[in-house]
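# Architecture and fold: a report
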Amino acid sequence: MTSTPPTSSDAASRKTFTIGTRSSKLALSQTDLIASALKKRWPDYTFEIHSRETAGDRNTTIALREFTTKNLWTQELEELLMAGDVDLIVHSLKDVPTLLPSSCTLGPMTEREDSRDVLVMKKGLPRMSLSEMPEGSVVGTSSIRRTAQLARRYPHLKIQDVRGNIGTRLAKLDAEDSPFTCIILAAAGLLRLGLDDRITQYLDSKNGGMLYAVGQGALGVEIRKDDQLLHEMLQTIGHKETTLACLAERSLLRTLEGGCSAPLGVETEWVKDSTGASKLRMRAVVVSVDGRESAEIEVDGSIDTNEEAENFGVTVAKSLVEKGAGKILEEIQRKKLTP
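Residues numbered from 1 in each chain as written. Predicted model: local features only at pLDDT ≥ 70, side-chain atom pairs only at ≥ 80, totals over all residues. Heavy atoms only, no water.

- The name recorded for the chain in an unreviewed UniProt entry is Porphobilinogen deaminase, from Aspergillus clavatus.
- One UniProt comment on the chain, placed under Sequence similarities (unreviewed entry), says "Belongs to the HMBS family."
- UniProt, in its Catalytic activity (unreviewed entry) section for the chain, records the words "4 porphobilinogen + H2O = hydroxymethylbilane + 4 NH4(+)". (UniProt positions renumbered as here; feature names shortened; annotations may be inferred.)

Right, dumping it as structure tokens:
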């Protein structure tokens, strides 16, 4: 069924749209999800995909926590967007810095995939939880957030950096001479690639005590701020609850000024209050890299608009700072700047 054409004045002249994306298998799979959703709503339009490697893809040896820039996976694609070479970019939302170029914005988001982290055991080893692993077992992760939470909850485990796309990391895990007992990955990537059979344990606040990255499991579609046509088109495939939850999470991170490398874990869910009204429940934690200090909070908020979501994130951030998150983040930043 053909949708009602957008009301923008350039709708009649634009029939072909170019989608920018990273060239990894997961990035292309995620881009296909957006392209297919748009094509279903707008069958008379053509959606072409332009992929390329980014700085984050090319450098897979330096630990993520050592980078000072926050736009490893976005800058080169954003340059194409601002130049008009692509019309929209599909990102893993967790990779998108909370501050975008002034001429760019995120459109409404499609429904989120499972946002949790997962434990993946090395092939041939018995299935076990993090708490069951022997002293000194090696957990692979490139995330400062995961490293900090693991150090806090499981001090008996050893953390070792592992970089690369999902296929590369699984290969490093399963190699005969691999030092890893397991690695931690995002559930969404494995599920989107049909690799759910590799998941040993789902991790969340109730199971494993791990909170996920801001925006994890969601796709961010970045467009030019003045592209009203594409904004209207994305609105038709958007999922309101995902969009509001992710905007609140990103506002929290932006207010803390921690960027993508901050050891901030979040968990959001929609719950019903005593009157039956929907509220967004946000759990958040900031942990020092050694796991010894932490600040955490759980807050419910009534959110129905993007502005309310942004304000809720600010409120949660201020409460976290009052509980000690500010001092933890300042110390992490001081160590980064110290030669």
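Read on, since the account is not over.
## What to know about helix H1 (residues 25-41)
- Taking 1.5 Å of rise per residue, 17 residues should cover 24 Å, and H1 covers 25 Å from first to last C-alpha, within 8% of that figure.
- Of the positions making up H1, those classed as buried are Leu-26, Ala-27, Gln-30, Thr-31, Ile-34, Ala-35 and Leu-38. (Helix = DSSP H or I, 4+ residues; strand = E, 2+ residues; numbered from the N terminus. Expected span 1.5 Å × (residues − 1). Buried < 20%, exposed > 50% of the residue type's maximum accessible area, 1.4 Å probe, protein only.)

## Side note on the nonpolar core
- With 34 residues, the main nonpolar core has Leu-252, Leu-256, Leu-264, Ala-284, Val-286 and Leu-320 as its most contacted residues.
- Those elements that provide at least two residues to this core are helix H8 (240-256), strand E11 (264-272), strand E12 (278-287), strand E13 (294-301), helix H9 (306-322) and helix H10 (325-337).
- No other element matches the eight residues that H8 contributes to this core.
- Looking at this core, you find at least three residues from each of domain 1 (16-110 + 218-238) and domain 3 (243-337).
- Contacts of Leu-320, omitting those with residues within four sequence positions, involve Leu-252, Leu-256, Leu-264, Ala-284, Val-286, Ala-295, Glu-296, Ile-297 and Ala-325.
- Counting residues in hydrophobic clusters, the runner-up holds 18 residues, among them Leu-219, Val-221, Ile-223 and Met-233. (Core = buried A, V, L, I, M, F, W, Y, C linked by side-chain atoms within 4.5 Å. Domains from an automatic or database assignment. Contact = heavy atoms within 4.5 Å.)

## Considerations on the sheet that holds E11
- Taken in spatial order, the three strands make up an open sheet running E11-E12-E13, and their pairing is antiparallel. The open sheet has two edge strands, E11 and E13, and neither has a second partner. Shown here is a sheet whose adjacent strand axes are inclined to one another by a mean of 10°, direction ignored.
- Bridge count for E12 against E13 is eight bridges, and the pairing is antiparallel. Considered in E13, the bridge of Met-282 is made with Val-299.
- Across the sheet, helix H4 (residues 144-153) is in contact with E11, E12 and E13; its angle to E12 comes to roughly 80°.
- Along the sheet face, H9 touches E11, E12 and E13 and points at about 145° away from the line of E13. (Pairing = 2+ DSSP bridges. Axes fitted to C-alpha atoms, helices over the stretch in contact; angles between N-to-C directions.)

## Section: the pairing of E12
- Within E12, seven of the ten residues are buried, which leaves the element mostly enclosed by the surrounding structure.
- As defined by bridge partners, E11 adjoins E12 across nine bridges and the pair is classed as antiparallel. The residue bridging Leu-264 from the neighbouring strand is Val-286, located in E12.
- Here E11 folds back onto E12 in antiparallel fashion, the turn holding five residues, of which Gly-276 has a positive phi close to 95°.
- Counting the residues between successive antiparallel strands, the hairpin from E12 to E13 contains six residues, one of them, Gly-291, with a positive phi of roughly 80°.

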